[in-house]
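# Working through the structure, step by step
Residue strings, one per chain:
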Amino acid sequence: MIEVKGLVKIYDDGSNAGVKAVDEISFTVEEGRFYTLLGPSGCGKTTTLRCIAGLEKANGGEIIVAGQKVYSANENTYVPAYRRPIGMVFQSYAIWPHLTVFENVAFPLRVGKEKVSNTEVKKKVTTALEQVELGGYEDRMATQLSGGQQQRLALARALVREPKVLLLDEPLSNLDAKLRERMRFELRELQRRLRITTLYVTHDQIEALSMSNVIAVMNSGVIAQEGGPRDVYLAPKSKFVANFIGSTNQLPGQVISVGSDAMGRVRTEDGEIACAILEGLKPGSNVVVVVRPESLNVHLQKPANSANVLDAKIGAAMFLGEYLDCTVELGHNVLQTHQRHTLEIRRGDPVWVELPPAECMALPA
Ligand SMILES: Nc1ncnc2c1ncn2[C@@H]1O[C@H](COP(=O)(O)OP(=O)(O)OP(=O)(O)O)[C@@H](O)[C@H]1O
Ligand SMILES: [Mg+2]
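Model, not experiment: these values are computed from the prediction.

### What about the nonpolar core?
- Ranked by internal contacts, the top residues of the largest apolar core, which has 35 residues, are Val105, Val125, Leu153 and Leu155.
- Breaking this core down by element, the ones donating at least two residues are helix 2 (101-111), helix 3 (118-131), helix 4 (147-159), strand 8 (165-169) and helix 5 (177-194).
- Tallying contributions element by element places helix 4 first for this core, with six residues.
- If sequence neighbours within four positions are ignored, Leu153 has contacts with Ile95, Val101, Asn104, Val105, Leu134, Ala142 and Leu145.
- Ranked by size, the runner-up nonpolar core spans 34 residues in total, among them Leu278, Val287, Leu296 and Leu363.

### Observations concerning the pattern of salt bridges
- Applying the stated criterion across every chain, the model contains 13 salt bridges.
- For Lys69, the salt bridge is made with Glu75, and the minimal N-O distance between the two is 3.0 Å.
- Judged by its relative accessible area of 28%, Lys69 falls in the partly exposed class.
- Note that Glu272 is salt-bridged to Arg265, the shortest N-O span being 2.7 Å.
- A relative accessible area of 39% places Glu272 in the partly exposed class.
- For Arg265, a relative accessible area of 35% corresponds to the partly exposed category.

### Points about the packing of aromatic side chains
- Counted under the stated rule, the structure contains four aromatic pairs.
- Taking 5.1 Å as the distance between ring centres and 20° as the angle between the ring planes, the aromatic pair formed by Phe27 and Tyr35 counts as stacked. One exposure class covers both Phe27 and Tyr35, and it is buried.
- Ring plane angle 10° and centroid distance 5.8 Å describe the contact between Phe240 and Phe244, whose orientation is recorded as stacked. Here Phe240 pairs with Phe244, and both are found in helix 8 (residues 239-244), just four residues apart, close to one helical turn.
- Given a relative accessible area of 25%, Phe240 falls into the partly exposed group.
- Cation over ring: Arg84 sits above Tyr78, and NZ or CZ is 5.2 Å from the ring centre.
- Over the ring of Tyr233 we find Arg292, and its NZ or CZ is 4.0 Å from the ring centre.

### Considerations on the site of ligand 1
- The full set of residues close to ligand 1 is Tyr11, Ala21, Pro40, Ser41, Gly42, Cys43, Gly44, Lys45, Thr46, Thr47, Gln91 and Glu170.
- Between ligand 1 and Gly42 there is a distance of 2.8 Å, counted from an oxygen atom to a backbone nitrogen or oxygen.
- The contact in question runs from an oxygen atom of ligand 1 to an N or O atom on the side chain of Lys45, over 2.8 Å.
- In isolation ligand 1 offers 640 Å² of accessible surface; the protein chains occlude 62% of this area.
- Among the elements that line the shell around ligand 1, the one with the most residues is helix 1 (residues 45-53), at three residues.
- Across the shell around ligand 1, the residue classes tally to four nonpolar, six polar and two charged.

### Quick look at the packing of helix 2 against helix 3
- Where helix 2 meets helix 3, the axes come as close as 9 Å, and the angle between the chain directions of the two elements is 120°. By the angle between their directions, the pair helix 2 and helix 3 is classed as oblique. In the packing of helix 2 onto helix 3, the handedness of the crossing is right-handed. Between helix 2 and helix 3, the residues in contact are Val101, Phe102, Val105, Ala106, Leu109 and Arg110 and Asn118, Val121, Lys122, Lys124, Val125, Ala128 and Leu129, respectively.
- Taken together, the residues of the contact of helix 2 with helix 3 break down into nine nonpolar, one polar and three charged.

### Observations regarding the domain arrangement of the chain
- Looking at the chain, the domain boundaries give domain 1 (2-239) and domain 2 (247-364).
- Once you take the C-alpha centre of each, domain 1 and domain 2 turn out to be 40 Å apart.
- Contacts between domain 1 and domain 2 engage six residues on the former and eight residues on the latter.
- When the area that domain 1 buries against domain 2 is broken down by residue, the three leading residues are Tyr233, Pro236 and Lys239, summing to 71%.
- Summed over the shared surface of domain 1 and domain 2, the result is zero salt bridges.
- Scanning the region where domain 1 abuts domain 2 turns up two residue pairs in polar contact (both at pLDDT 80 or more).
- Counted by class, the side of domain 1 that touches domain 2 contains three nonpolar, one polar and two charged residues.

Cut-offs and rules
- Residues numbered from 1 in each chain as written.
- Chains lettered and ligands numbered in written order.
- Predicted model: local features only at pLDDT ≥ 70, side-chain atom pairs only at ≥ 80, totals over all residues.
- Heavy atoms only, no water.
- Core = buried A, V, L, I, M, F, W, Y, C linked by side-chain atoms within 4.5 Å.
- Buried < 20%, exposed > 50% of the residue type's maximum accessible area, 1.4 Å probe, protein only.
- Helix = DSSP H or I, 4+ residues; strand = E, 2+ residues; numbered from the N terminus.
- Contact = heavy atoms within 4.5 Å.
- Salt bridge = Lys/Arg side-chain N within 4 Å of Asp/Glu carboxyl O.
- Phe/Tyr/Trp six-rings, centres within 6.5 Å; stacked < 30°, edge-to-face > 60°.
- Lys NZ or Arg CZ within 6 Å of the ring centre and 35° of its normal.
- Near = heavy atom within 4 Å.
- Polar contact = N/O pair within 3.5 Å; in protein donor to acceptor, adjacent residues only side chain to side chain.
- Areas by Shrake-Rupley, 256 points an atom, 1.4 Å probe, with all protein chains shown as cover.
- Nonpolar A, V, L, I, M, F, W, Y, C, P; charged D, E, K, R; others polar.
- Axes fitted to C-alpha atoms, helices over the stretch in contact; angles between N-to-C directions.
- Parallel < 35°, antiparallel > 145°, perpendicular 65-115°, else oblique.
- Left-handed = near helix turned anticlockwise from the far one by under 90°.
- Domains from an automatic or database assignment.
- Buried area = accessible area lost by both parts, 1.4 Å probe.

This is how it looks when you write it as structure tokens:
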């Protein structure tokens with residue numbers, strides 16, 4: 001439904017080179033899917049959306065939306081924003097404070113190139129408001145809505161032209177934590193119900209992991225990794241992705257051996273570790289072994305028959321109700337871990353920490 005090929009966007013900032021905000025990115029969003037661009041501030045997420053929406057003219061590549069080529073550098077194609085079958089919700093909702101709920105939603109129909117009759121406007125606005133459960137609020141001023149309702153109003157306005165594609169730029173970032181959690185769920189339900197192809201932008205890993213079919217992790221204008229939420233979380237292919245999604249422990253070392261099953265051994269300052277080895281790494285490669293805090297098991301007695309069991313000492317242990325947040329000190333490295341709150345440990349206690357090999361991954365250092 002959306003195809004982006006080799007998209008480049010360079011902003012003119014007065015310098016010779018300009019700012020390369022998007023650097024030849026390519027991705028495809030299948031019909032009905034929820035696809036997320038996830039990345040730190042300034043990595044080019046909004047720029048990518050704006051190029052797709054036609055609010056920004058790219059400097060290279062190609063964009064196809066619903067089978068229509070809306071931008072092509074080679075063929076000099078540029079379809080203006082209002083002719084693209086797209087609805088967009090902006091990073092700041094950009095709803096009109098001086099208009100009622102009804103007129104806010106009607107706005108895209110009234111300014112559109114094709115004439116829409118008043119009866120038609122009424123029908124379309126009513127449908128859009130019902131879709132986001134704001135039926136009955138037509139005559140309120142937009143400012144008299146709660147944060148969550150304003151967010152849904154922005155959605156209704158994006159939906160009113162019945163777009164084939166919905167672009168959402170950090171739509172939940174202005175909401176407080178509780179409401180954000182609820183809207184995450186509601187937004188996803190709405191998307192499923194309407195089966196509308198959605199391209200979502202966020203820097204929030206939890207939003208990305210919980211809502212998406214596919215996530216593209218972006219870094220400095222390029223896609224660092226694309227995959228399902230589980231893929232990018234459990235099998236990051238670079239240090240950047242491992243660090244950006246969730247917290248992670250890193251043990252520097254060198255590959256000793258690689259087996260045929262992509263498992264191998266790494267020498268670290270705290271001993272040898274059996275772990276998965278990223279494709280392409282060879283004996284001698286400098287790596288970091290990454291392992292998630294929740295993957296580690298802390299034992300009071302040395303477990304028999306377990307691989308990767310290292311001598312350690314509890315550095316700090318904090319009781320957080322749901323779990324215990326502790327640091328374990330190896331000889332050289334310190335690991336962060338979450339353990340069950342039933343584990344009774346104190347600072348300085350000698351323990352054994354187990355790093356399950358399948359959950360440890362060696363990545364290029
Ligand atoms: N109009 C502009 N002129 C010059 N540079 C710009 C312009 N808009 C954005 N940039 C630069 O392009 C890069 C990408 O910006 P963009 O807004 O796409 O980032 P983002 O990923 O959406 O970030 P955020 O999470 O903060 O919204 C940044 O380095 C930014 O400073
Ligand atoms: Mg942005």
